[in-house]
Amino acid sequence: QVQLVESGGGLVQPGGSLRLSCVVPGNIFTVALMGWYRRPPGTQRELVAAFTRDDSTNYADSVKGRFTISKDNAKNTMYLQMNSLGPGDRAGYYCDGGLGVLGHCWGQGTQVTVTA
């Protein structure tokens, strides 16, 4: 199982910012369809942001204008810049690599907690 490594989560006050990182093995990074998901407490996993095949980006309505997905091909790293965080953003955040018929690879996640 390919393991992706997320980092950058933590505790932040409402209105604060965090930047998540996901390091991906090079051979996976070049072929996978990468995205960020989150799982709020007691709910299903949901898409936050993702790249499309032509490298454009999609965002969940709840994060549009606040979150930005990006990647650095030279570092095999994907990022999620999260601004104006609120209590509704509290979740475990996971990077995901779609590999078509081979399935998906993902990491162990990084926790984001927003509290005053």
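Summarised in this report is the structure supplied together with it. Given the structure is predicted, the values throughout are model-derived calculations rather than measurements.

## Re the side chain of Thr-110
Right, on to step 1. Here Thr-110 shows up in strand 11 (residues 110-114).
Right, on to step 2. In this structure Thr-110 comes out as buried when scored by relative accessible area, which is 11%.
Right, on to step 3. Other than its neighbours up to four places away in sequence, Thr-110 contacts Glu-6, Ser-7, Gly-8, Gly-9, Leu-20, Ala-91, Gly-92 and Tyr-93.

## Overview of the side chain of Thr-52
Right, on to step 1. Here Thr-52 shows up in the loop between strand 5 (46-51) and strand 6 (57-59).
Right, on to step 2. A distance of 2.4 Å separates the side chain of Thr-52 from the side chain of Asp-54, its partner in a polar contact.
Right, on to step 3. Other than its neighbours up to four places away in sequence, Thr-52 contacts Leu-33 and Asn-58.

## Quick notes on the nonpolar core
It is characteristic of soluble globular proteins that their nonpolar side chains tend to be buried jointly.
Right, on to step 1. Among the nonpolar cores identified, the biggest contains 28 residues, and Trp-36, Val-48, Phe-67, Met-78, Leu-80, Met-82 and Tyr-93 are the most heavily contacted of them.
Right, on to step 2. If you list the elements that add at least two residues to this core, you get strand 3 (18-23), helix 1 (26-29), strand 4 (33-39), strand 5, strand 7 (67-72), strand 8 (77-82), strand 9 (91-98) and strand 11.
Right, on to step 3. Those residues in contact with Tyr-93, other than ones at most four positions away along the chain, are Glu-6, Leu-20, Tyr-37, Arg-38, Val-48, Phe-67, Leu-80, Met-82, Gly-109, Thr-110 and Val-112.

## Considering the state of the cysteines
Right, on to step 1. All told, the structure shown has 1 disulfide when counted by the stated rule.
Right, on to step 2. Here Cys-22 engages in a disulfide with Cys-95; their sulfurs sit 2.0 Å apart. The S-S bond linking Cys-22 to Cys-95 shows a torsion near 55 degrees; that makes this disulfide right-handed. Taken as a pair, Cys-22 in strand 3 and Cys-95 in strand 9 lie far apart in primary sequence, 73 residues in all. The burial state of Cys-22 is the same as that of Cys-95; both residues are buried.

Scoring rules and cut-offs
Residues numbered from 1 in each chain as written. Predicted model: local features only at pLDDT ≥ 70, side-chain atom pairs only at ≥ 80, totals over all residues. Heavy atoms only, no water. Helix = DSSP H or I, 4+ residues; strand = E, 2+ residues; numbered from the N terminus. Buried < 20%, exposed > 50% of the residue type's maximum accessible area, 1.4 Å probe, protein only. Contact = heavy atoms within 4.5 Å. Polar contact = N/O pair within 3.5 Å; in protein donor to acceptor, adjacent residues only side chain to side chain. Core = buried A, V, L, I, M, F, W, Y, C linked by side-chain atoms within 4.5 Å. Disulfide = S-S within 2.5 Å.

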